[in-house]
Amino acid sequence: MAEHLHEGVCRGGPLDGQPGQSRFPKGFLLVDRPADRCWIYEWTGSEFQVRDPQPMPVDTAKRWRAAEEATYDVVAAPWAGE
Amino acid sequence: MMATRSTPELVHAARAWEDDLDYPSAVLSGIVGDARHRASGGYHISIEDNPPGNYSVVRVDDAAPPGKWPRDRAAAIDMSMSPKDMVKCYKRVRAVWSNPADPRRRFFNAFNVWDGSGDAVRLDFVTGTASYATPDHKWHNHGEWRRRYVNDPAATRAMLSMLRGESVAAYQKEEDDVSWSERIKRRPWVTQTWPHLGEDARADATLAGIYGFSRLSAERAAELLAGQRAILAAIAGQDVAEAAERAAREGARAGAAEALDELAEGLADRLTEVPAEQVRQAVAEVLRERDRRAAGDDPQ
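Chemist: Lay out the packing of helix H1 (residues 8-19) of chain B against helix H4 (residues 153-164) of chain B with the relevant residues and their values.
Modeler: Residues and elements named next belong to chain B. As a packed pair, H1 and H4 sit with axes 9 Å apart at the nearest point and diverge in direction by 20 degrees. Taken together, H1 and H4 sit at an angle that is classed as roughly parallel. Relative to H4, H1 is oriented so that their crossing is right-handed. Here Glu9, His12, Ala13, Ala16 and Trp17 of H1 come into contact with H4, specifically with Pro153, Thr156, Met159, Leu160 and Leu163. The residue makeup of the contact of H1 with H4, split by class, is seven nonpolar, two polar and one charged.

Chemist: Just give me the short version of the pattern of salt bridges, but keep the residues and values in it.
Modeler: Following the criterion strictly, the structure yields 20 salt bridges over all chains and no others. Across the salt bridge formed by Glu174 of chain B and Arg164 of chain B, the nearest N and O atoms sit 3.1 Å from each other. With Glu174 of chain B in helix H5 (residues 168-178) and Arg164 of chain B in helix H4, this residue pair connects regions lying ten residues apart in the sequence. One salt-bridge network, held together by shared partners, links Arg23 and Asp73 of chain A together with Asp78 of chain B.

Chemist: Now, about the sheet that holds strand E6 (residues 140-145) of chain B: what can you tell me, with residues and values included?
Modeler: All names here are of chain B. Taken together, six strands build an open sheet; the order of strands is E1-E2-E6-E3-E4-E5 and the sheet is antiparallel. Unpaired on one side and paired on the other, strand E1 (27-30) and strand E5 (130-133) mark the two borders of the sheet. Recorded for the sheet is a direction-independent mean angle of 25 degrees between the axes of neighbouring strands. Taken together, the five bridges between strand E2 (residues 76-80) and E6 define a ladder with antiparallel strand orientation.

Chemist: Now, about unusual backbone geometry: what can you tell me, with residues and values included?
Modeler: Between Ala64 of chain B and the following residue, Pro65 of chain B, the backbone shows a cis peptide bond with an omega angle of -5 degrees. Residue Pro66 of chain B is bonded to the preceding Pro65 of chain B through a cis peptide linkage, with omega at 10 degrees.

Chemist: For a nonpolar patch on the surface, give the residues involved together with the corresponding values.
Modeler: A contiguous nonpolar patch, built from Trp189, Trp194 and Leu197 of chain B and spanning about 320 Å² of accessible area, is present on the exposed surface. One can find Trp194 of chain B in the loop between helix H6 (188-193) and strand E8 (200-202).

Chemist: Go over helix H1 (residues 60-68) of chain A, please, and point to the residues and values.
Modeler: Residues Arg63, Trp64, Ala66 and Ala67 of chain A constitute the buried set of H1 of chain A. Down the axis of H1 of chain A, the sector holding all buried residues measures 155 degrees, keeping them to one side. Residues of H1 of chain A that are buried sit in contact with strand E3 (27-32) and strand E6 (72-76) of chain A together with H1 and E1 of chain B. Here H1 of chain A starts with a cap whose side-chain oxygen sits 3.1 Å from the backbone nitrogen of Ala61 of chain A, and that cap is Asp59 of chain A.

Chemist: Requested: an account of the side chain of Glu9 of chain B, with residues and values cited.
Modeler: Residue and element names in this part refer to chain B. In this structure, Glu9 sits in helix H1. As a buried residue without a salt bridge, Glu9 has its nearest oppositely charged side chain in Arg157, at a separation of 7.2 Å. When residues no more than four places from it in sequence are discounted, the contact partners of Glu9 are Trp145, Val150, Asn151, Asp152, Pro153 and Thr156.

Chemist: For the interface of chain A and chain B, give the residues involved together with the corresponding values.
Modeler: By a widely used convention, the size of an interface equals the accessible area lost when the partners come together. Each side of the interface is counted separately: chain A has 26 residues, and chain B has 31 residues. When chain A packs against chain B, the two sides together hide about 2400 Å² of surface, and 56% of this comes from carbon and sulfur. The interface formed by chain A and chain B contains three salt bridges. Of the charged contacts in the structure, one is a salt bridge between Asp78 of chain B and Arg23 of chain A, with a shortest N-O distance of 2.6 Å. On inspection of chain A and its partner chain B, the count reaches twelve residue pairs in polar contact (both at pLDDT 80 or more). Residue classes in the side of chain A that touches chain B are distributed as 16 nonpolar, three polar and seven charged.

Conventions used here
Residues numbered from 1 in each chain as written. Chains lettered and ligands numbered in written order. Predicted model: local features only at pLDDT ≥ 70, side-chain atom pairs only at ≥ 80, totals over all residues. Heavy atoms only, no water. Axes fitted to C-alpha atoms, helices over the stretch in contact; angles between N-to-C directions. Helix = DSSP H or I, 4+ residues; strand = E, 2+ residues; numbered from the N terminus. Parallel < 35°, antiparallel > 145°, perpendicular 65-115°, else oblique. Left-handed = near helix turned anticlockwise from the far one by under 90°. Contact = heavy atoms within 4.5 Å. Nonpolar A, V, L, I, M, F, W, Y, C, P; charged D, E, K, R; others polar. Salt bridge = Lys/Arg side-chain N within 4 Å of Asp/Glu carboxyl O. Pairing = 2+ DSSP bridges. Patch = residues over 30% accessible without salt bridge, like charges linked within 9 Å, V, L, I, M, F, W, Y side chains within 5 Å. Areas by Shrake-Rupley, 256 points an atom, 1.4 Å probe, with all protein chains shown as cover. Buried < 20%, exposed > 50% of the residue type's maximum accessible area, 1.4 Å probe, protein only. Arc of directions from axis to C-beta. Polar contact = N/O pair within 3.5 Å; in protein donor to acceptor, adjacent residues only side chain to side chain. Lys, Arg positive; Asp, Glu negative; His and termini not counted. Buried area = accessible area lost by both parts, 1.4 Å probe.

This is the structure we're talking about:
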């Protein structure tokens, strides 16, 4: 599912300054499962902007729904489980 | 109109991949492809929604027809992970992919994985080849099942075994152990007689049911045989024809022989269409045979 890969720098939140990718048009949900935290990064057309730098608790039902829908991608936090 | 849906097995496999394996960072990233994905096709899209001739609907274990598997189901899971878990997953998937004798291979079409450096790689389980995979596969694994197995619990077990990094021997032992939990189809006469039981049942429950039914049947048969022996004992020494002849000879009363014949025939009608004497002899022979077997001289 990579036909429409959006790529850009992430602004704010834990990925500030790092490259990000999403296969879907609105951005991605960054999930740190072990810590039960997540962030939403919105695609602006050229980069990803964190909606709120403060983490939210993970709602598994919503996370699964996001994975089933085609608006936000779901991405594991790169540091999770370290 | 999109017709692609997931399957219970894919959902179960994805949940187990997240919760039961040692990939703490794992989060589901997709099973069913979106409408735009439909244009290019692939295993996230059902057979019906794929463009004709798409690579994901032509292999022998994917094409339906002639295959009879579902045409409206996705056949792939995307699982996002941290780089550390991606590398762990890569090593385990590659170990199965690189062993032509591994029985788990038969369930999968391909996995897109990443070893932590350079490009992601697509491991084709059908051809045994490795090729380039797009950069998004550096943060999510993409696993494709051969479409014929999208509803097969054995495919789930094989995938989870592979992702656990189990050896072939461990997988085969596990298959031997868990086969009793497999759900098997009930016989048509069972579902017709007791429709509330459903179309299938666990193998162990089915075996227990068969054992119980067989034991009950044996007990009932023993009771029936005991009853027949009691009847035979009660009529032992009595010969209906001889009694009728004697009655006729003695001239006890006119028509006695005919009356006894009618009585015998009436009894025979109630018991079976076979003459009563024949029934008696047959039952006696069965009992004699049973006694012989019980005495240990079974010729079989």
